[in-house]
Amino acid sequence: MNRCALAACLVLICGTAMADDFLPTDDLALRAIGEQPEVRAATADVEAARAEARGLDAGPHEWTLGVIPQQRTTRNGASFHEWETQLGRSFRWPGKARLDREIGEHARNGAELRLDDVRHQAARRLASAWMDWLRTGTVVIAADAQLALVQRQRDVVARRVSLGDASVREREMLDAECAQWQVEALAAQREADSARQRLSTGFPTLPVPERLPALPEPQPLEGGATPWRERIVARSHEISAAMEEAARQDALARRSRADRRADPEIGVRVMRERDGAESAIGIVLGIPFGGARRAANADREAARADAMQAQAQAMRRQIEIEAWETVHRAESLRDAWRMRVVALEATTAVAARTKRAYELGETSLTELLFAQRNARQAALDEARARVDALEAALLVRIDAHETWHPADDEGPQS
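Residues numbered from 1 in each chain as written. Predicted model: local features only at pLDDT ≥ 70, side-chain atom pairs only at ≥ 80, totals over all residues. Heavy atoms only, no water.

1. Comments concerning the overall build of the protein
Note the following rule: Numbering goes from the N terminus for both helices and strands, where a helix is a DSSP run of H or I of at least four residues and a strand is a run of E of at least two. The rule is simple: take the accessible area with a 1.4 Å probe, protein chains only, and divide by the maximum for that residue type; under 20% is buried, over 50% is exposed, in between is partly exposed. For every accessible area listed, the method is Shrake-Rupley and the probe measures 1.4 Å; residues are considered covered only by the protein chains on display.
Of the regular secondary structure elements, the protein holds nine helices and four strands. Of the regular secondary structure in the protein, the N- to C-terminal order runs α-α-α-β-β-α-α-α-α-β-β-α-α. For the C-alpha atoms alone, the extent of the protein along its principal axes is close to 140 × 45 × 35 Å. Sorting the 414 residues of the protein into buried and exposed places 41% on the buried side. Here the protein displays about 22600 Å² of accessible surface, and carbon together with sulfur accounts for 53% of that area.

Structural data, given as structure tokens:
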């Protein structure tokens, strides 16, 4: 294979881009993420939770006005118009009001954290769709470049055949090689078109460039693996949302225990009897007696609180495992890419030497095509490994809230 041609192919695929020039800008990415249906739904859930918190702060009891008009008839036939009215309401004990406000605050915080996590998951999906577009696009560029190279070789051999300097069999072999690479190029273009369509459909407000951006060389994680794992865990919205839900359930359990002492009802009652000949005004005080049902409700909420605490602990462990896997994968894929670079350099050198030997008549076309196939495959493997390593590192930065998150969002320090 011509070393210059291969190098030109790699420049088209990889280029000399700056660190994040191959990604959408933060403004474009955040806008595309914010327009996702699940993000809009989670935003509405936050508004619902805020309204619920206001309702809990106000309390469950309302003023009740009762009016009873009546007609009194005595034995002697006298008839009187009478009425009575009562205005009253129940009042929470002071500790219950405080617990209701606490429940509402945890519900609001949990909804906001779930919104942040939905945005985070949308950012991960955007990364996957964007990098898939890049990955399939690099294959198209490589396949088209190799097809053009094989076609040039075929044209050279065809001219040599016409001059009697090469066999018809060699031209037929290159015809078959061209046909094979045409199939490869068509398949690569089909995959790239599908990836682009998925990206455009999934994130319709995100402009997709007509040409692929240049890809930088994957870099090691700055500062090593441990700080990134710790950052991912500390900034996890999933852990914090689970902790908020556990805290809300604990407050609900304490509220149920407090509710075993029912709220008192206080009111004013006014009566007018015998057409106004008699009237009365009084204070109404009602105190319900809590029974077995209230005790059972308190036990139920306490058990749920224990369950939510356990689920929050399980969530933390799960995120710790995922953080380790995410960071480890980024390191492993970068190492794999470096090995692909070594393999590419070796197979390219072999292809170049084999081409020179073929031109000197020291080897066959079969051996040349075999060496060139190895070099082409190595170039594709290096390009895919490069995208894989860049995607893995991007996911680390997304999980650590370093990329595609609002400037003031470093996540909760759990």
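Here the narrative resumes.
2. So, the sheet that holds strand E1 (residues 64–73)
Going by this rule: Here, any two strands with at least 2 DSSP bridges between them count as paired. Angles run from 0 to 180 degrees between N-to-C directions of axes, and those axes are lines fitted to C-alpha atoms, restricted for helices to the stretch in contact.
Sheet architecture is open: four strands sit in the order E1-E2-E3-E4, paired in antiparallel fashion. Among the strands making up the open sheet, the edge pair consists of E1 and strand E4 (278–286). On average, each strand axis in the sheet is inclined to that of its neighbour by 15°, with strand direction left out of account. Of the pairings in the sheet, the one linking strand E3 (residues 265–273) to E4 comprises nine bridges and is antiparallel in character. Opposite Ile266, over in E4, you have Leu285 as the bridge partner.

3. Here we look at the pairing of E3
Bridge analysis of strand E2 (residues 79–90) against E3 gives eight bridges, and the strand direction is antiparallel. Within the sheet, the bridge partner assigned to Gly88 lies in E3 and is Gly267. Linking E3 to E4, which pair antiparallel, is a turn of four residues; within it Arg274 sits at a positive phi near 50°.

4. Side note on the nonpolar core
The nonpolar side chains of soluble globular proteins are, as a tendency, buried together. Cut-off, in case you're wondering: By convention a nonpolar core is built from buried Ala, Val, Leu, Ile, Met, Phe, Trp, Tyr and Cys residues, the set being connected through side-chain atoms within 4.5 Å. What makes two residues a contact is simply this: any of their non-hydrogen atoms within 4.5 Å.
One finds Leu126, Trp130, Met131, Leu199 and Trp404 to be the most contacted residues of the largest nonpolar core, which totals 31 residues. The set of elements that each furnish at least two residues to this core consists of helix H2 (26–34), helix H3 (37–58), helix H4 (94–162) and helix H9 (365–399). Filtering out sequence-adjacent residues up to four positions away, Leu126 remains in contact with Ala29, Ile33, Leu199, Phe203, Leu206 and Trp404. The next biggest cluster of nonpolar side chains, apart from the first, holds 17 residues, and it includes Ile319, Ala323, Leu333 and Val396.

5. Some words on a nonpolar patch on the surface
Definition in use: Exposure above 30% relative accessible area and the absence of a salt bridge qualify a residue for a patch, where like charges join within 9 Å and nonpolar side chains (Val, Leu, Ile, Met, Phe, Trp, Tyr) within 5 Å. Any carboxyl oxygen of Asp or Glu that lies within 4 Å of a side-chain nitrogen of Lys or Arg is treated as forming a salt bridge with it.
Among the surface-exposed residues, Trp63, Leu65, Val67, Leu87, Phe91, Ile266, Val268, Ile281, Ile283, Leu285 and Ile287 lie close enough to one another that they form a single nonpolar patch of about 1200 Å² accessible area. Within the residue set of the nonpolar patch, elements represented by two or more residues are E1, E3 and E4. Take the nonpolar patch: its biggest share by element is three residues, from E4. Mapped onto the elements, Ile283 comes out in strand E4.

6. Some thoughts on the packing of H3 against H4
Keep this limit in mind: Oblique is the label for any angle not under 35 degrees, not over 145, and not in the 65 to 115 range, which are roughly parallel, roughly antiparallel and roughly perpendicular in turn. Charged residues are taken to be Asp, Glu, Lys and Arg, nonpolar residues to be Ala, Val, Leu, Ile, Met, Phe, Trp, Tyr, Cys and Pro, and polar residues to be all remaining types, Gly included.
Interaxial distance between H3 and H4 falls to 8 Å at its minimum, and their mutual angle equals 175°. Here H3 is positioned roughly antiparallel relative to H4, judged by the angle of their axes. In the contact of H3 with H4, the residues fall into twelve nonpolar, two polar and eleven charged.

7. Topic: the packing of aromatic side chains
Stated formally: Within 6.5 Å between ring centres, the rings of Phe, Tyr and Trp (the latter by its six-membered ring) count as paired, and their orientation is classed by plane angle as stacked under 30 degrees, edge-to-face over 60, tilted in between. As a reminder, the over-ring test applies to NZ of lysine and CZ of arginine, requiring each to be within 6 Å of the ring centre and within 35 degrees of the ring normal.
Going through the model one piece at a time under the given rule, you end up with two aromatic pairs. Here Trp63 and Phe91 contribute two aromatic rings whose centre-to-centre distance is 6.0 Å and whose plane-to-plane angle is 85°, an arrangement assigned as edge-to-face. Of the two residues, Trp63 is situated in the loop between H3 and E1 and Phe91 in the loop between E2 and H4; the sequence distance between them amounts to 28 residues. The exposure class of Trp63 is exposed, given its relative accessible area of 54%. Arg89 extends its terminal NZ or CZ atom over the ring of Phe91, reaching a point 4.6 Å from the ring centre. When the ring centre of Trp93 is taken as origin, the NZ or CZ atom of Arg261, which lies over that ring, is 4.1 Å away.

8. Some points on the packing of helix H8 (residues 292–359) against H9
The criterion, for reference: Note on convention: near helix rotated counterclockwise from far helix by under a right angle means a left-handed crossing. Clockwise means right-handed.
Put simply, H8 and H9 touch, their axes get as near as 7 Å, and they point 160° apart. With respect to each other, H8 and H9 are oriented roughly antiparallel. In the packing of H8 onto H9, the handedness of the crossing is left-handed. Its residues placed into classes, the contact of H8 with H9 shows 22 nonpolar, six polar and ten charged.

9. Thoughts on H4
Counted only if it meets this: For a helix, the expected span equals 1.5 Å multiplied by the number of residues minus one.
With 69 residues, H4 should reach 102 Å at 1.5 Å per residue; the first-to-last C-alpha distance of 102 Å fits that figure. Of the residues trailing H4, Gly164 is marked for its positive phi of about 80°.

10. Describing the environment of Val157
Among the secondary structure elements, Val157 is positioned in helix H4. As a C-alpha pair, Val157 and Arg169 span twelve residues in sequence and 10 Å in three-dimensional space.

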